[in-house]
Amino acid sequence: MSFPSQISRVLFFLILATSHAGAELRKNILFIAIDDLRPVMGAYGGGAITPHMDAFAKTAALFERHYVQWPVCGASRASLLSGQRPRTHGCFINVTSTGQVASRPEAPTLPFALQQAGYDPLCFGKIYHSQENLPGCGWSQPPFFPNRPWQLYVDFKPSPKNPPGYQPAQEIYKGPDSAHGDYEITTQVIKALEGAGNKPFCIFAGLLKPHLPFVAPKKYWDLYRGANIKPLEPAAFPFRGNRGCYDYTELWGYGYETQSGVKRNFSQENPPDERQTIELTRAYYSCVSFEDAQIQRILRKVRELGLEKNTAIVIWGDHGFHLGDQERWSKGAQFEADMRSPLIMRLPGISNKPIASKALVETIDIYPTLLEYCGIPLPDHLEGKSLIPLISGERKNLKRSALSEMIPITGDPDINRRSRIYSLRSDDYRYVQWRDPRDISKVVSEELYDMRNSLGERRNLVTVASHRDTLRDMRKLMIQEHPDY
């Protein structure tokens, strides 16, 4: 850490101590992260049955166009917790992301900044990618995590009779909600709310589903009995799109059981057929409905304790997830389904009416929003913008674009380490730059998609003459909004 960074950090926390000396913090924070959640809830016009999140959205600010900075768990959460873009915080892979983002004193994490401001941040479930409790994580006590493998299977047990590496892509079990790991996490959140007393609290809850495998009690599967579930569109990979991120598909690590009882693994050569696609989509929706029930449990407790008037509540998805659309069962690619995720925020006292905002917002905007809401000075390292002007109705827009980054997951670790893809979302278009792995300042491939309708990513328009001016404008926008890239 450089000497100027040390000075900056000391000054920041001196300001915090001064601004809160002798003053009682009155605002609470309840942050709920949901893993691999694309906007399929009813409030977003999706096909999942989510009455409780839908009702919450009617009292809050729902951001229709929220985009993550990196469409994989660890790096996305690193941007949430640092308030910085991946190129700045340097966390690109899951394994090392927690240690990297929590060991940068010049860029204190959101929980650490809240801790220094007088809160005791608590963690239940998955917030950072791992369960580490490094000092820079900012937790006031070790995080809670269910005492079971992260997949949260209830009945499945590995067997030598199964194919090598076999684990089911879905488990719809006949049993109570309480057998599910996310129910355990929710129970601990409720206990923390009950134990908060009169002291302001800061609770981070990280629910693990609908991440693969899709595990949910059967009663949530039954919600979709007779439902007209169809494969999501667009079904095909975009014409003349770049398949560089398609070497890895998450579903290929899972399998299924045939109607005759034979167990098989999904693979590139054995992808889901239409029936299986509908069944897997139904299983994903079942998980989302189960998580909706957990949200209900938490929000009901907030109401029972009379905490609604002074508690900021955030529901956030760490990135999207393809459900067979664009020939993909994963996240980690350059498209809308990877980058767009739910963000619903209720900040009591900021807005008197619900808002459905079409403004472009990003995950890095959450950190400054929560600190400003709590009256905490913002540290200098933040790269996002507070969303309070949008929530209060003062502004309609804050930025002209949302930028996401990623690297292709390939069999070549050198390319993985050195490649970079930048995916820029404007109001009407998505523009993608693929950079040379030997020199990431050089653009070697481009994509341009017209996003003015839901099936916009069907054709790469880079070579289409009628879009030449748009391509030029998007290149210019990339330089203007992100000159360091």
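Residues numbered from 1 in each chain as written. Predicted model: local features only at pLDDT ≥ 70, side-chain atom pairs only at ≥ 80, totals over all residues. Heavy atoms only, no water.

Tell me about the overall build of the protein, and please be specific about residues and values.
Helix and strand content of the protein: 14 helices and 15 strands. A compact globule built from 485 residues would reach a C-alpha radius of gyration of about 23 Å, and the protein, at 22 Å, matches this within 12%. In terms of overall dimensions, the protein has C-alpha extents of about 70 × 55 × 40 Å along its principal axes. Across the 485 residues in the protein, those meeting the buried criterion constitute 57%. Pairs at least 24 apart in sequence give 70% of the contacts found in the protein among residues at least 6 apart. (Helix = DSSP H or I, 4+ residues; strand = E, 2+ residues; numbered from the N terminus. Rg over C-alpha atoms; globule rule 2.2 N^0.38 Å. Buried < 20%, exposed > 50% of the residue type's maximum accessible area, 1.4 Å probe, protein only. Contact = heavy atoms within 4.5 Å.)

Describe the sheet that holds strand S14 (residues 429-436), with residues and values.
Across the sheet, four strands lie side by side as S12-S13-S14-S15; this open sheet has antiparallel pairing. This sheet does not close on itself; its edge strands, each paired only once, are strand S12 (402-406) and strand S15 (439-450). Looking at each pair of strands side by side, their axes are set apart by 20 degrees on average, direction ignored. Bridge count between strand S13 (residues 421-425) and S14: five bridges; the pairing is antiparallel. Within the sheet, the bridge partner assigned to Tyr422 lies in S14 and is Gln433. Sheet strands in contact with helix H14 (residues 468-481) are S12, S13, S14 and S15, and its direction is about 65 degrees off that of S14. (Pairing = 2+ DSSP bridges. Axes fitted to C-alpha atoms, helices over the stretch in contact; angles between N-to-C directions.)

Outline unusual backbone geometry, listing residues and values.
The amide bond that connects Lys209 to the next residue, Pro210, takes the cis arrangement and shows omega of 20 degrees. With respect to the helices and strands, Pro210 occurs in the loop between strand S5 (202-207) and strand S6 (214-217). Following Glu233, the chain continues into Pro234 via a peptide bond in cis, with omega recorded as -5 degrees. Located in the positive-phi region is Arg240, a residue other than glycine, with phi close to 65 degrees. If you trace the backbone, Arg240 turns up in the loop between helix H8 (218-221) and strand S7 (255-257).

Can you lay out the packing of aromatic side chains for me, pointing to particular residues and giving the numbers?
Counted according to the given criterion, the structure contains 19 aromatic pairs. Summarising the aromatic geometry, the rings of Trp70 and Phe92 are spaced 5.1 Å apart at their centres and angled 15 degrees between planes, so their arrangement reads as stacked. With Trp70 in the loop between strand S2 (61-67) and helix H3 (73-82) and Phe92 in the loop between helix H4 (86-89) and helix H5 (94-102), this residue pair connects regions lying 22 residues apart in the sequence. We classify Trp70 as buried; its relative accessible area is 2%. (Phe/Tyr/Trp six-rings, centres within 6.5 Å; stacked < 30°, edge-to-face > 60°.)

Outline the sheet that holds S5, supporting the account with residue identities and numerical values.
Ordered in space as S3-S5-S1-S9-S10-S2-S11, the seven strands form an open sheet in which the pairing is mixed. Only two strands of the sheet have a single partner each, and these edge strands are strand S3 (121-125) and strand S11 (355-362). With direction set aside, neighbouring strand axes in the sheet form an average angle of 15 degrees. In the sheet, S2 pairs with strand S10 (residues 343-346) via two bridges, with the strands oriented antiparallel. For Ala61, the partnering residue across the bridge sits in S10 and is Met345. Its contacts with the sheet put helix H7 (residues 181-195) on strand S1 (28-34), S3 and S5, and the angle it makes with S5 is roughly 170 degrees.

Just give me the short version of the nonpolar core, but keep the residues and values in it.
Ile32, Phe214, Tyr284, Tyr285 and Ile344 are the most contacted members of the largest nonpolar core, which has 64 residues in total. No other element matches the twelve residues that helix H9 (residues 274-304) contributes to this core. Beyond its immediate chain neighbours, meaning those up to four positions away, Phe214 contacts Ala169, Gln170, Glu171, Ile172, Leu280, Ala283, Tyr284, Cys287, Phe321 and Leu323. Of all hydrophobic cores here, the second largest spans 45 residues; its members include Ile29, Leu81, Ile355 and Leu387. (Core = buried A, V, L, I, M, F, W, Y, C linked by side-chain atoms within 4.5 Å.)

Any chance you could break down the confidence of the model for the protein for me, citing the residues and the numbers?
Close inspection of predicted coordinates is inappropriate for parts of the model with low pLDDT. In this model, the protein carries an average pLDDT of 92, and 93% of its residues clear a pLDDT of 70 or more. A low-confidence stretch, residues 1-25 stays under pLDDT 50, and its non-local contacts, those more than four residues away or across chains, total 34 contacts. (pLDDT = per-residue confidence, 0-100.)

Describe the packing of H7 against H9, listing the residues and the values that go with them.
It is the contact of H7 with H9, at a shortest axis distance of 10 Å, that shows an interaxial angle of 10 degrees. Looking at the two axes, H7 sits roughly parallel to H9. Taking contact as the criterion, the partners of Asp182, Tyr183, Thr186, Thr187, Val189, Ile190, Leu193 and Glu194 in H7 are, on H9, Phe290, Glu291, Gln294, Arg297, Ile298, Lys301 and Val302. (Parallel < 35°, antiparallel > 145°, perpendicular 65-115°, else oblique.)

Give a detailed account of the environment of Phe124, specifying residues and quantitative values.
Mapped onto the elements of the fold, Phe124 is located in strand S3. According to the relative accessible area criterion, Phe124 is buried, its value standing at 8%. Put simply, Phe124 and Glu184 are 60 residues apart on the chain and 9.3 Å apart in space, counted from C-alpha to C-alpha. Not counting residues within four places of it along the chain, the set of residues in contact with Phe124 comprises Phe144, Ile185, Gln188, Val189, Ala192, Ile203, Phe204, Ala205 and Gly206.

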